[in-house]
Amino acid sequence: QVQLVESGGGLVQPGGSLRLSCAASGSRFSIYTMAWYRQAPGNQRELVADISNKEITNYADSAKGRFTISRDNAKNTFYLQMNNLKPEDTAVYYCMMRARPWGTVASTEYWGQGTQVTVSS
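Each value, and the rule that gives it
- Residues numbered from 1 in each chain as written.
- Predicted model: local features only at pLDDT ≥ 70, side-chain atom pairs only at ≥ 80, totals over all residues.
- Heavy atoms only, no water.
- Phe/Tyr/Trp six-rings, centres within 6.5 Å; stacked < 30°, edge-to-face > 60°.
- Helix = DSSP H or I, 4+ residues; strand = E, 2+ residues; numbered from the N terminus.
- Buried < 20%, exposed > 50% of the residue type's maximum accessible area, 1.4 Å probe, protein only.
- Lys NZ or Arg CZ within 6 Å of the ring centre and 35° of its normal.
- Core = buried A, V, L, I, M, F, W, Y, C linked by side-chain atoms within 4.5 Å.
- Salt bridge = Lys/Arg side-chain N within 4 Å of Asp/Glu carboxyl O.

Colleague: Before we move on, could you go through the packing of aromatic side chains and cite the residues and values that matter?
Modeller: Note on aromatic pairs: each is described by the distance of the centres and the angle between the planes. The final tally for this structure, using the stated rule, is two aromatic pairs. With a centroid separation of 5.5 Å and an interplanar angle of 55 degrees, the aromatic rings of tryptophan 36 and phenylalanine 78 are classed as tilted. With tryptophan 36 in strand 4 (residues 29-39) and phenylalanine 78 in strand 8 (residues 77-82), the pair connects residues that are 42 residues apart, well separated along the chain. The pair formed by tryptophan 36 and phenylalanine 78 is uniform in burial state, with each residue classed as buried. We note arginine 45 situated over the ring of tyrosine 94; from NZ or CZ to the ring centre the distance is 3.8 Å. The side chain of arginine 45 reaches across the aromatic face of tryptophan 111, ending 4.8 Å from its centre.

Colleague: So what about unusual backbone geometry? Which residues, and what values?
Modeller: The backbone of glutamate 55 shows a phi angle near 70 degrees, a positive value even though the residue is not glycine. Among the structural elements, glutamate 55 can be located in the loop between strand 5 (46-51) and strand 6 (57-59). One non-glycine residue, asparagine 84, lies in positive phi territory at about 50 degrees. Relative to the helices and strands, asparagine 84 resides in the loop between strand 8 and strand 9 (91-101). On the accessibility criterion, asparagine 84 (42% relative accessible area) is partly exposed.

Colleague: Before we move on, can you summarise the nonpolar core with the specific residues and values?
Modeller: In this structure, Trp36, Val48, Phe67, Leu80, Met82, Tyr93 and Met97 are the most contacted members of the largest nonpolar core, which totals 31 residues. Counting residues per element, the ones that place at least two in this core are strand 1 (2-7), strand 3 (18-26), strand 4, strand 5, strand 7 (67-72), strand 8, strand 9 and strand 11 (115-119).

Colleague: An account of the pattern of salt bridges is needed here, citing residue identities and associated values.
Modeller: In the structure shown here, the tally under the stated rule is five salt bridges. Among the ionic pairs, arginine 38 bridges to glutamate 46, the shortest N-O distance being 2.7 Å. Residue classification places arginine 38 among the buried residues on the basis of a relative accessible area of 6%. Arginine 38 is the partner of aspartate 89 in a salt bridge, and the nearest nitrogen-oxygen pair spans 3.0 Å. Of this pair, aspartate 89 sits in the loop between strand 8 and strand 9 while arginine 38 is found in strand 4, placing the two residues 51 residues apart along the sequence. Comparing aspartate 89 with arginine 38 shows no difference in burial state: the two are buried. One salt-bridge network, in which partners are shared between bridges, spans Arg38, Glu46, Arg66 and Asp89.

Below, the structure is given as structure tokens:
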């Protein structure tokens, strides 16, 4: 089994910054895609950013120029640096990792527990 543990959420003023972390642990696995999603009250969960195992990144239009996704393969950890935060960024942020545990043939999506980000003055 693979577990994801998120950290780094909190309350920040508009224009501020936060860095979310997502650490993977458990069985040995091969990682494919790492991603951050968010869900605001009353809204569907949406993709914020993802990064492939070839370091190719993809961002939602709302995140471009302000958020940066990165990964540290040695630590099995990935990050979301969020700058110039806006009230509309308020949501629960979830990390997701698509990985294949060693000894299996198929990849699986694993999800973190979610961390609250609130942008408010």
